[in-house]
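Listed here are the chains, written in short residue letters.
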Number of protein chains: 2
Amino acid sequence: MASSSYYSTPPCAACKFLRRKCLTNCIFAPYFPPEEPIKFTNVHRIFGASNVSKLLNEIAPHQREDAVNSLAYEAEARLKDPVYGCVGVISVLQRQVLELQKELDAVKADLIRYNSVFVPCYCSSSNNGENPETGGDGRS
Amino acid sequence: MASSSYYSTPPCAACKFLRRKCLTNCIFAPYFPPEEPIKFTNVHRIFGASNVSKLLNEIAPHQREDAVNSLAYEAEARLKDPVYGCVGVISVLQRQVLELQKELDAVKADLIRYNSVFVPCYCSSSNNGENPETGGDGRS
């Protein structure tokens, strides 16, 4: 029976959502397994199935998994934050980089000050006041 | 003449691209001026006009400009880098944050070492307890 072959493997999440037959050369099937229906629903809601299919066809097969995962990340971020999406994440990270850079500059400046003001203290009475760093106090 | 009114103001970039009349309540018009046709073309290519219109209708009017700008940023990033889009930018920034955090921890550890090993030198018998840092040499 020809029709039973369609049910031998479950359709991918995309074909199930789009209510279409999942053929062996389905562009979505390797990246949208039936166990992860939300992944496709999110990507479809934000980008549209047709745009995703177009994008996947334009890139090399070995890069498609990364592309789908980045689209899924973007889609999820846009659904959580409809105004900023993952651009909001970029803003937070950019602020974090600026703050860390500022803090690092300040701590480095402290370290430079320490280097110029503080010297190792070897000058106890047991060495007759000599500073091994300078090689003596001029009275020897 | 009724038809001339459509030409009194130029249609927004979205309506011009979609070859439709730009009505006074056009959802795209405030954010896609005719002088910036690429902004709409990019957003349309990645998200689709219908998804963008749906998204704009779901958020408050005062947030729509930010939403359109973040969509335009995402779209441009995806066109530049079809595999990672702006998720690539997020990865770079996350790496930068980790590296800065690591460098900051190392410099802070140096500073703590300086605090415990290097102390201001007040202890020489030759300077009668005076601190050379403050300018006295003990012989004046």
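Residues numbered from 1 in each chain as written. Chains lettered and ligands numbered in written order. Predicted model: local features only at pLDDT ≥ 70, side-chain atom pairs only at ≥ 80, totals over all residues. Heavy atoms only, no water.

Draft legend 1. Layout of the relation of the copies chain A and chain B. Of the transformation placing chain A onto chain B, the axial shift is 0.0 Å and the rotation is 180°, giving an RMSD of 0.1 Å. Seen this way, the second copy is the image of the first under a two-fold rotation axis. Minimal C-alpha distance to the rotation axis in chain A is attained by Phe 47 of chain A, lying at 2.2 Å. Residue by residue, 93% of the interface of chain A is reproduced at the interface of chain B, so both copies engage with the same surface. (Least-squares fit on C-alpha atoms with pLDDT ≥ 70 in both. Contact = heavy atoms within 4.5 Å.)

Draft legend 2. Broad picture of the nonpolar core. Phe 28, Phe 47 and Leu 56 of chain A together with Phe 28, Phe 47 and Leu 56 of chain B are the most contacted members of the largest nonpolar core, which has 48 residues in total. Elements that contribute at least two residues to this core include exactly α1 (13–17), α2 (37–47), α3 (49–58) and α4 (64–80) of chain A together with α2 (13–18), α3 (37–47), α4 (49–58) and α5 (64–80) of chain B. In this structure Leu 56 of chain A touches Ile 27, Phe 28, Tyr 31, Arg 64, Ala 67 and Val 68 of chain A, once residues within four positions along its chain are discounted. Membership of the second largest hydrophobic core comes to 20 residues, among which are Leu 111 of chain A together with Ala 77, Ile 90 and Leu 100 of chain B. (Core = buried A, V, L, I, M, F, W, Y, C linked by side-chain atoms within 4.5 Å. Buried < 20%, exposed > 50% of the residue type's maximum accessible area, 1.4 Å probe, protein only. Helix = DSSP H or I, 4+ residues; strand = E, 2+ residues; numbered from the N terminus.)

Draft legend 3. Inspection of the UniProt feature "domain: LOB" (unreviewed entry) in chain A at higher detail. When the UniProt feature table is mapped onto this chain numbering, "domain: LOB" (unreviewed entry) sits at residues 10–111 of chain A. Strand forms 0% of residues 10–111 of chain A and helix 69%; the C-alpha atoms that close the span are 63 Å apart. (UniProt positions renumbered as here; feature names shortened; annotations may be inferred.)

Draft legend 4. Structural context of α4 of chain A. Here α4 of chain A is 17 residues long and its end C-alpha atoms lie 24 Å apart, about the 24 Å a rise of 1.5 Å per residue gives. The set of residues buried in α4 of chain A consists of Arg 64, Ala 67, Val 68, Ser 70, Leu 71, Ala 72, Glu 74, Ala 75, Ala 77 and Arg 78 of chain A. For α4 of chain A, the secondary structure elements touched by its buried residues are α2, α3 and α5 (85–117) of chain A together with α4, α5 and α6 (85–117) of chain B. (Expected span 1.5 Å × (residues − 1).)

Draft legend 5. Spotlight on the packing of α2 of chain A against α3 of chain A. Residues and elements named next belong to chain A. Where α2 contacts α3, the two axes come as close as 7 Å, and the packing angle between them is 100°. Taken together, the axes of α2 and α3 are roughly perpendicular relative to one another. Together, Phe 40, Val 43, His 44 and Phe 47 of α2 and Ala 49, Asn 51 and Val 52 of α3 make up the contact between the two elements. Within the contact of α2 with α3, the residues separate by chemical class into 5 nonpolar, 2 polar and no charged. (Axes fitted to C-alpha atoms, helices over the stretch in contact; angles between N-to-C directions. Parallel < 35°, antiparallel > 145°, perpendicular 65-115°, else oblique. Nonpolar A, V, L, I, M, F, W, Y, C, P; charged D, E, K, R; others polar.)

Draft legend 6. Structural view of α4 of chain B. Regarding α4 of chain B, the residues found buried are Ala 49, Asn 51, Val 52, Ser 53, Leu 55 and Leu 56 of chain B. Residues of α4 of chain B that are buried sit in contact with α2 and α4 of chain A together with α2, α3 and α5 of chain B.

Draft legend 7. Highlighting the packing of aromatic side chains. Residue and element names in this part refer to chain A. Enumeration according to the criterion identifies 9 aromatic pairs over all chains in this entry. Each ring, one from Phe 28 and one from Phe 32, has its centre 5.9 Å from the other, and the planes form 65°; the classification is edge-to-face. Its relative accessible area of 0% is what places Phe 32 among the buried residues. Seen from their ring centres, Phe 28 and Phe 40 are 5.5 Å apart, and the 65° between their planes marks the pair as edge-to-face. You can see Phe 28 sitting in the loop between α1 and α2 and its partner Phe 40 sitting in helix α2, a full 12 residues away along the chain. By relative accessible area, which is 2% here, Phe 28 ends up buried. Residue classification places Phe 40 among the buried residues on the basis of a relative accessible area of 1%. Through pairs of rings, three or more aromatic residues link up here, namely Phe 17, Phe 28, Phe 32 and Phe 40. (Phe/Tyr/Trp six-rings, centres within 6.5 Å; stacked < 30°, edge-to-face > 60°.)

Draft legend 8. Region of interest: the confidence of the model for chain A. Residue and element names in this part refer to chain A. Mean pLDDT for chain A: 84, with 78% of residues reaching 70 or above. No element of chain A has a lower mean pLDDT than α5, which averages 93, and none a higher one than α4, which averages 98. Under a pLDDT of 50 for its full length, residues 1–7 has, in the predicted model, 1 contact with residues more than four places off or in other chains. In the predicted structure, residues 125–140 sits below a pLDDT of 50 and forms 16 contacts with residues beyond four places in sequence or in another chain. Both scores are given for the predicted complex: the pTM is 0.77, the ipTM 0.76. (pLDDT = per-residue confidence, 0-100.)

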